[in-house]
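Each chain is listed here by its residues.
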Amino acid sequence: MTMTDPTQQEHIIGKRRVRREDPKLLSGENRFADDLVVPGALHLVLVRSPHAHARIRRIDVGAAQSMPGVVGVYTAQDLQAEWAGPMPCAWPVTPDMKSPTHYPLAGEFVHYAGEGVAAVVARSQVEAVDAAGAVIVEYEELAPVLDLEDAVRDAALAHEELESNASFVWTLEPNSEAVDAAFRDAAVTISERYVQQRLIPAAMEPRAMVVVPSPMGGDFTVYSSTQIPHVLRVMLALTAGIPETKLRVVAPSVGGGFGSKLDVYAEELLCLALARRLRQPVRFTEERGEGTMATIHGRGQVQYMELAADADGKVRGIRVKLLADMGAYLQLVTPGVPLLGAFLYHGVYDVGAYSFTCTGLFTNKTPTDAYRGAGRPEATYAIERAMDSLARKLEMDPAELRRRNFIAAEKFPYESVAGLVFDSGSYQENLTKALDAADYGQLRAEQQQRRAAGSPRRLGIGVSCYVEMCGLAPSRVLASLNYGAGGWEAATVRILPTSKVQVVTGTAPHGQGHETSWSMIVADKLGISPDDVEVLHSDTSIAPYGMDTYGSRSLSVGGTAVYLATERVIEKAMKIAAHQMEVAEEDLEYVGAAFRVKGSPEQQLPLAAIAFEAFTAHNLPDGVEPNLEASISWDPPNFTFPNGTHIAVVEVDEETGRVELVRYIAVDDCGNQINPLIVEGQIHGGITQGVAQALYEEALYDGSGQLLNASLADYLVPSACEVPSFELASTVTPSPTNPLGVKGVGEAGTIGSAPAVINAVVDALSDLGITNCPMPATPERVYQLIQQAKSE
Amino acid sequence: MRVEVTVNGQQRTADVEPRTLLVHLLREEFGLTGTNVGCDTSSCGACTVLLDGESVKSCTVLAAQADGREVTTIEGLASADGALHPLQRAFQENHALQCGYCTPGMVMVSMSILAENDTLDEATVREGLEGNLCRCTGYHNIVKAVLAAKEEMGAQL
Ligand code: FES
Ligand code: FES
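Keep in mind that what you see is a predicted model, and the values were worked out from it rather than measured.

Q: How should empty space enclosed by the protein be read in this particular structure?
A: One simple way to see leftover space: roll a probe sized like a water molecule over the atoms. Residue and element names in this part refer to chain A. Counted under the stated rule, the structure contains nine cavities of 30 Å³ or more. Taken as a whole, the second largest cavity holds about 130 Å³ of empty space. Lining the second largest cavity we find 18 residues, and of these H102, Y112, A266, A294 and Q331 sit closest to its centre. Within the lining of the second largest cavity, the residues separate by chemical class into 10 nonpolar, five polar and three charged.

The following block contains the structure:
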């Protein structure tokens, strides 16, 4: 432990600190799941359905089975005895929610292109791939359900046996009479339809896993590129019928997730079941071209958004109807995704009347599930697009319209019409700061100049103000939403005999830098160097409890647990120190890694000495156990509500329809920042993913349900040439929800950015009478909009 | 067939199938798993290495094509005493990586961007990075890191 002079003790929290994770990642020393060498591991390859909807007439595995290196070829029937239950959905949002039975391999029917129909296990990857090609499957094609607005009419069914495509209808109507009145009395109303296209998460690391059985011991180690080692262990235990005590789940280095690795996948179950059956390790690594179909998609909604407002722009009421694409099956939290946005369609505005209805619909497409932002980007998009429409209708500046409607800073904690309590924020300040940074007046003037000059390079300025809810979540609130788990997080802090510190966290980082940030939180509190703090995670044998990493929850819930465990360790150490120093605990204070007598700082005992005392246990006070360790499971009292204002500046080339994002200004309030370096990185990446939705990405299907852009050559993940450098600033309103005052920042960028960009595109074209532009705003689409507007 | 390659300064040989790709030679035969695979259409650049000093996507090169040539992978950049290369350091200092999956490829392609340009500006760096995808960082800090490395390495000359 590096001792510091108490008077010179420096704050660690809030300072930029480079990441301790980096040297390993920068030198190829870390191990992703596919890097793990497991002697004797067999290779699993899946035969996948080429059809979106079909009856399986016959599967002939004979030829495949006799190919070189093949250990076995299995159909759903062959494996049925392996399962204690179907694949899990942990979020039955309504009591009458319909959910088709879902097993790792399709039985009588296939319900999306890419669904597994047979599992091939061979000694090498090449042999498994070759054998998979020799499996003969005869299908009888059925009509696929692909479009949400068709699906809701039940003309064709995605799952015959469910008799309807609707999985559930979920409503939130706190005051329907007020909503009716608001629309009846409104001076102006807005009614729009927006489409949240399907997105492919495309984490750069394809999913990979290897299950290592210990047949004599009866236990299994599952290495998987997952965001949720803890949840996965529980779900694998339940689904494969293996005692939890016999399962260890490890997430090695994980190459990005964005929600796509927040799931329990067929291949994880197949590797586990086949490792059990064959008594040998089994591994699977997805090819990108199959991952785009077999790994969950995000978004996929049609939104009908209505606003009622006074003539001065004050919004009185909001009515939202959603159709949400579940895809072919309900994965881990699929039905809950729209609910995470359900409370936020009034955005940052003080609106009294609110109504929300969502119909979850099955289609014959890849299942959807949480993708960066999960529900909140959709909500933010709808309200921020609608606010721009309202501003246009009222011929009011969009920034001014927003100002008139903000929840005022003095109203926090703010009880929202949808039943949330927003923790803190200063929305006016975000907007002012962003407008100043953008030099908004100057931009508007330039826009006017270009318009007057008839310049074909049209300038567009898009403003988006957002608030989101994260820090998932108070367990009781999750219970009220029918979520199948809690929202707490666990942490252990132990000070070892040599006074090095070990932190165990239940979060499972995959790029977020928890090792660095958690070490800063502990070191700051203990008055030591972060270099003396080791952070352990993502292995259920080391960190038995945890709720893992998603929904921007890790810092506000997991970081807080770490902080509180550190406090408890200090409390225990204080008892030992008081005993050793023969003073009362009340007379001691903890400063600079030492306990000292208040008023006479020269009388002190360093934490290092206490740590050793706790280890030898030679002279501990009565009732105090040996060792210096504390564990805590912390359940947050509320969500946290990060917020901000983003401004996009685009140039639209009238002749080609090409949109260039020329500037991007973001002002974000994520509460107190632990490590601003990491905060900025999260925002950069988040913005880019929202820009990707706005301008580039969409999972495209043909009329038969084939994914047309299943490769990274066709699905346009933006490169460095498609985005500019970002101009970031922040405001800070500490969250009162947790002692660190933090809110979360993993998804904020994505939530704020898509509406800012599309607002800018529409703004660039608004003098042509264009009021809407679907996402992604591709050159073809924008060009057509322009041509159409000109011909009208 | 037998291939002989100098990898990170060391002479290595292996017996491979003619269809074996360089990336598989590196990962499976030589145990150099720092080079990653992110796609099957040579679109992502996660597999980028240096072949005779020039960046290539090792998933588009046959192992046989590397016969008798020099390959540098991410494992070969730090010095023997473990000190990071100035470019690796710039990546760390500028937080140019998050999950780290694209990182080996990003670092290797940046090596050739640095080598090929006497002076660098943001646009040149972005163009040079075009064939490499990162889903985490939004590129902002990668661009910064490459420019910072240029400045530092330039100063050393
Ligand atoms: S693995 Fe994607 S380009 Fe080589
Ligand atoms: S750091 Fe994760 S893909 Fe680049």
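Now, onward.
Q: Explain the layout of surface pockets to me, please; I cannot follow it from the model alone.
A: If you add up the space inside the largest pocket, you get close to 1500 Å³. Together, 47 residues line the largest pocket, and Q125, V126 and E287 of chain A together with H24 and E28 of chain B are the ones closest to its centre. Where the lining of the largest pocket is concerned, the elements lending two or more residues are α4 (125-133) and β12 (282-285) of chain A together with α1 (22-29) of chain B. It is α1 of chain B that provides the largest number of residues to the lining of the largest pocket, a total of six residues. If you add up the space inside the second largest pocket, you get close to 650 Å³.

Q: What exactly am I supposed to notice about the environment of P779 of chain A here?
A: Residue and element names in this part refer to chain A. Structurally, P779 is set in helix α21 (residues 779-791). On the basis of relative accessibility, which here comes to 35%, the residue P779 falls in the partly exposed class. In contact with P779, not counting residues within four places along its chain, are T656, G657 and R658.

Q: Quick question: what am I supposed to make of the environment of D668 of chain A here?
A: All names here are of chain A. Tracing the backbone shows D668 in strand β27 (residues 659-669). Its relative accessible area of 2% is what places D668 among the buried residues. For the pair D668 and Y427, spaced 241 residues apart in the sequence, the C-alpha separation amounts to 9.9 Å. The contact partners of D668, leaving out residues within four places of it in the chain, are Y466, N643, G644, H646, I683, A729, S730, T731 and A748. Looking at D668, its side chain comes within polar contact range of the side chain of H646, at 3.0 Å.

Q: Sorry if this is basic, but what is going on with the side chain of E747 of chain A here?
A: All names here are of chain A. If you trace the backbone, E747 turns up in the loop between β28 (727-730) and α20 (748-765). Under the relative-accessibility criterion, E747 is labelled buried at 8%. Those residues in contact with E747 that sit more than four places away from it in its chain are R372, G373, A374, R376, E468, G551 and S552.

Q: I tried to follow the pairing of strand β9 (residues 208-214) of chain A on my own but got confused; where do I start?
A: Residue and element names in this part refer to chain A. Counting buried positions over the seven residues of β9 gives five, a clear majority of the element. As paired elements, β9 and β12 share four bridges and run antiparallel to each other. Looking across to β12, one finds that V210 is bridged to R283. In this sheet, strand β10 (residues 219-224) lies alongside β9 in antiparallel orientation, the contact comprising six bridges. Bridge pairing in β10 links M209 to S224. Taken together, β9 and the strand that follows it, β10, pair antiparallel across an intervening segment of four residues, in which G218 is found at a positive phi of about 75 degrees.

Q: Explain the interface of chain A and chain B to me, please; I cannot follow it from the model alone.
A: The parts lose accessible area when they come together, and the size of an interface is often stated as this lost area. Each side of the interface is counted separately: chain A has 54 residues, and chain B has 41 residues. Looking at the side of chain A facing chain B, the largest losses of area belong to L26, M204 and A720 of chain A, adding up to 19% of the total buried there. As a salt-bridge pair, D34 of chain A and R27 of chain B come within 3.0 Å of each other at their nearest N and O atoms. Linking chain A with chain B are 24 residue pairs in polar contact (both at pLDDT 80 or more), by the criterion used here. Residue assignment for the side of chain A that touches chain B shows that the elements contributing at least two residues are α1 (22-27), α4, α9 (288-294) and α19 (676-695) of chain A. For the side of chain A that touches chain B, the element with the highest residue contribution is α19 of chain A, accounting for nine residues. Here the residues of the side of chain A that touches chain B are counted per class, giving 28 nonpolar, 16 polar and 10 charged.

About the thresholds
The residue numbering used here restarts from 1 in each chain and proceeds along that chain's sequence as written. Written order decides the labels, with chains lettered from A and ligands numbered from 1. Local features are withheld for residues below a pLDDT of 70 in this predicted model, meaning they are given only at 70 or higher, and side-chain atom pairs are given and counted only at 80 or more; totals for whole chains, interfaces and linings count all residues. Side-chain calculation: all heavy atoms of the structure are included, whereas hydrogens and water are not. The rule is simple: put a 1 Å grid over the protein atoms alone, call a set of points where a 1.4 Å probe fits but cannot get out a cavity, call an open set with protein on both sides within 12 Å along at least five of seven lines a pocket, and count a residue as lining if it has an atom within 4 Å of a point. Grid points are joined across faces, edges and corners, and a volume is the space filled by probe spheres set on the points. Gly is put with the polar residues, along with every residue not named as nonpolar or charged; the nonpolar set is Ala, Val, Leu, Ile, Met, Phe, Trp, Tyr, Cys and Pro, and the charged set is Asp, Glu, Lys and Arg. Helix numbers and strand numbers start at the N terminus; a helix is a DSSP run of H or I with at least 4 residues, a strand a run of E with at least 2. Exposed residues in this analysis have more than 50% of their type's maximum accessible area, buried residues have under 20%, and partly exposed residues fall in between, with area computed by a 1.4 Å probe over protein chains only. It only takes one pair of heavy atoms within 4.5 Å for two residues to be counted as in contact. Any pair of nitrogen or oxygen atoms within 3.5 Å is treated as a polar contact; in protein, a donor-acceptor pairing is required on top of that, and neighbouring residues in sequence qualify only through side-chain atoms on both sides. For two strands to pair, DSSP has to find at least two bridges joining them. Accessible area that two parts lose when put together, evaluated with a 1.4 Å probe and summed over both, is termed the buried area. Salt bridges are defined by distance alone: a side-chain nitrogen of Lys or Arg within 4 Å of a carboxyl oxygen of Asp or Glu.

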